[in-house]
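# Working through the structure, step by step
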Amino acid sequence: MEKKAWQERVAGHRQRLRDKFEERGINGLSDEEVLELLLTLATPRRDCKQEARAALAHFKTLAAVLEATPAELQQVKGIGPRNSFALRFLHGVARRYLKERLTQKNYLRSSREVADYLVHELRGLQHEVFLAIFLDAGHRVIASEIVAQGTISVNTVYPRELIKKTLQHNAAALVLAHNHPSGRIQPSQQDIELTRTLHNICAFMHINLLDHLIVGGSGKTFSFADHGIMASIRNQETPLRPAADV
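Model, not experiment: these values are computed from the prediction.

In this structure, serine 84 sits in helix α6 (residues 81–102). Taking the relative accessible area as the measure of exposure, serine 84 reaches 1% and is therefore buried. Those residues in contact with serine 84 that sit more than four places away from it in its chain are Pro70, Leu73, Gln74 and Ile79.

Here the focus is the environment of alanine 115. For alanine 115, the position within the fold is in helix α7 (residues 111–122). Remark: the alpha-carbon pair of alanine 115 and valine 215, spanning 100 residues in sequence, is separated by 8.6 Å.

This next bit is on the pattern of salt bridges. On inspection of all chains with the given rule, the structure shows 5 salt bridges. Between glutamate 145 and lysine 165 there is a salt bridge whose closest N-O contact spans 2.8 Å. Of this pair, glutamate 145 sits in strand β2 (residues 141–149) while lysine 165 sits in helix α8 (residues 159–168), placing them 20 residues apart in sequence. Here glutamate 145 falls in the partly exposed class, since its relative accessible area comes to 26%.

A few words on the confidence of the model for the chain. Looking at the chain as a whole, its pLDDT mean stands at 82, while 87% of the residues score no less than 70. Strand β4 (residues 208–215) holds the highest mean pLDDT among the elements of the chain, 94, whereas helix α1 (residues 3–24) holds the lowest, 67.

To continue, consider the packing of helix α2 (residues 31–42) against helix α3 (residues 49–59). With their axes 8 Å apart at the nearest point, α2 and α3 run at an angle of 125 degrees to one another. When the interaxial angle is binned, α2 and α3 end up oblique. Judged by the sense of rotation from one axis to the other, the crossing of α2 with α3 is right-handed. Across from Asp31, Glu32, Leu35, Glu36 and Leu39 in α2, the residues of α3 making contact are Lys49, Glu51, Ala52, Arg53, Ala55 and Leu56. A breakdown of the residues in the contact of α2 with α3 according to their chemical character gives 5 nonpolar, no polar and 6 charged.

About the cut-offs
- Residues numbered from 1 in each chain as written.
- Predicted model: local features only at pLDDT ≥ 70, side-chain atom pairs only at ≥ 80, totals over all residues.
- Heavy atoms only, no water.
- Helix = DSSP H or I, 4+ residues; strand = E, 2+ residues; numbered from the N terminus.
- Buried < 20%, exposed > 50% of the residue type's maximum accessible area, 1.4 Å probe, protein only.
- Contact = heavy atoms within 4.5 Å.
- Salt bridge = Lys/Arg side-chain N within 4 Å of Asp/Glu carboxyl O.
- pLDDT = per-residue confidence, 0-100.
- Axes fitted to C-alpha atoms, helices over the stretch in contact; angles between N-to-C directions.
- Parallel < 35°, antiparallel > 145°, perpendicular 65-115°, else oblique.
- Left-handed = near helix turned anticlockwise from the far one by under 90°.
- Nonpolar A, V, L, I, M, F, W, Y, C, P; charged D, E, K, R; others polar.

In structure tokens, the structure reads:
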């Protein structure tokens, strides 16, 4: 095929994908088509279909592609530094957008948006991260911040530092969250005991700990409040362990 004819074919295919997005939105595109269009942002004159297909075959999901490191991305044939930068930049923009979208919104009325943000922020990480969402007295979101990394326990989540950051934000309430790199969303006994410890310390400082959420690799979340664990802790009962997730 002559170079000009090939370029016209590529341009036509790319335009069809753009038109498809304009007509149907993001849900009208497959993961491969989404990734292909993203890759063209960095290499607009190349056919990126094979690279998109290879990346999905290597990482299995679109989320895993976006969360991959530059070194991991460049293991895929055809994906170079420019493509890697474009994908990571887009992921960073999405993370900032989801985070800022929450500011000044009432947590109780926007819990779905909070979950969306947490899933995007924490899913796919290879290590545990502990995050706090700081709320005012009306339960409007002030800010969110990662407060600890590593194996989550009372030895790594320092209550003094958490309280210090809460006071710095002039927050009256908290929502805590951490991820399980294993993918499971079932809380461990250590998770429950850590939550009890932090609740008691927060209560002493007149800070309301509303919830603790766990984010799994599948994008699912587990809410301590929704499963009655926070109520048991507030009543100083022994929380019942929920049935194992499947």
